[in-house]
Amino acid sequence: MRVSIIDYGAGNVQSLEFALNRLGVSGILTSNKEIIMDSDKVIFPGVGEASTAMRKLKSTGLDKVIPNLKQPFLGICLGMQLLCNSSEEGNTKGLNIFSCNVKRFTTKRKVPQMGWNIIKNLKGPLFKKIQISYVYLVHSYYVPIIRPTISVTDYGLEYSTAIQKDNFFGVQFHPEKSSKVGSRILKNFLDL
């Protein structure tokens, strides 16, 4: 199985690579369009800032490639947020795969949300054999609940912690840092 991990010049992807290795898969960190288009699965890891990440995607032409991919695609954290129309972080235009705008938390709780929280209302193949569970999150921006929402979390308000549209999946949490539950979610994605 060929798994591409999108390289956009930011973030520590080692924990994702290790998580894939534990599942018997080697991911290729790349920004090469041909390699990505020819992959069986594509993962967009999420660490960094929205406008900087989008500039990098545009500089490599991946902003045009990603929306047209047909294989299973997983956006993690910022990788999920950039699949949306826009983000309040840096007033960034996204990839327009999900029709919604990413918002900054304005709750009275500490921002960024950092640590373990519950995901619930789980739907779809990403959550096969998983029930309400704790996952690891680190973020200041969130995707509101929309029609494609497949899991939610409460942090002063309920928001989407996973979304799905066709072959595109996004998770706000970090499955690579979410213990056995995260490993199962990654396995479910690889099994698609």
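The coordinates are above.
Residues numbered from 1 in each chain as written. Predicted model: local features only at pLDDT ≥ 70, side-chain atom pairs only at ≥ 80, totals over all residues. Heavy atoms only, no water.

Asks: What am I meant to see in the pairing of strand E4 (residues 73–76) here?
Replies: Across a regular strand the side chains alternate sides, sitting on one face of the sheet and then on the other. The alternating pattern of E4 places Phe 73 and Gly 75 on one face and Leu 74 and Ile 76 on the opposite face, and all of these are buried. Summarising the sheet, strand E3 (residues 41–44) and E4 pair through 3 bridges and their orientation is parallel. Bridging across to E4, Ile 43 finds its partner in Leu 74. Two strands pair when backbone bridges link them, and E4 and strand E13 (residues 168–171) are joined in this way by 4 bridges, in the parallel orientation. If you follow Leu 74 over to E13, its bridge partner there is Phe 169. (Buried < 20%, exposed > 50% of the residue type's maximum accessible area, 1.4 Å probe, protein only. Helix = DSSP H or I, 4+ residues; strand = E, 2+ residues; numbered from the N terminus. Pairing = 2+ DSSP bridges.)

Asks: Just to check I follow, could you spell out the layout of surface pockets for this structure?
Replies: A water-sized probe, rolled over the atoms, reveals where empty space remains. The space that makes up the largest pocket amounts to roughly 160 Å³. Surrounding the largest pocket, Gly 46, Val 47, Gly 48, Cys 77, Leu 78, Gln 81, Glu 89, Val 138, His 139, Ser 140, Tyr 141 and His 174 form its lining. Residues belonging to the lining of the largest pocket are distributed by class as follows: 5 nonpolar, 6 polar and 1 charged. (1 Å grid on protein atoms, 1.4 Å probe; cavity = no way out; pocket = protein on both sides within 12 Å on 5 of 7 lines; lining within 4 Å. Points joined across faces, edges and corners; volume = space filled by probe spheres on them. Nonpolar A, V, L, I, M, F, W, Y, C, P; charged D, E, K, R; others polar.)

Asks: Please explain the pairing of E13 as it appears in this structure.
Replies: The alternating pattern of E13 places Phe 168 and Gly 170 on one face and Phe 169 and Val 171 on the opposite face, and all of these are buried. Inspection of the sheet shows strand E12 (residues 158–165) paired to E13 by 4 bridges, in the antiparallel sense. Residue pairing in the sheet places Lys 165 in a bridge with Phe 168 of E13. In this structure, the hairpin formed by E12 and E13 is closed by a connection of 2 residues, where Asp 166 is found at a positive phi of approximately 55 degrees.

Read these as layout, nothing more, since geometry by itself doesn't imply function.
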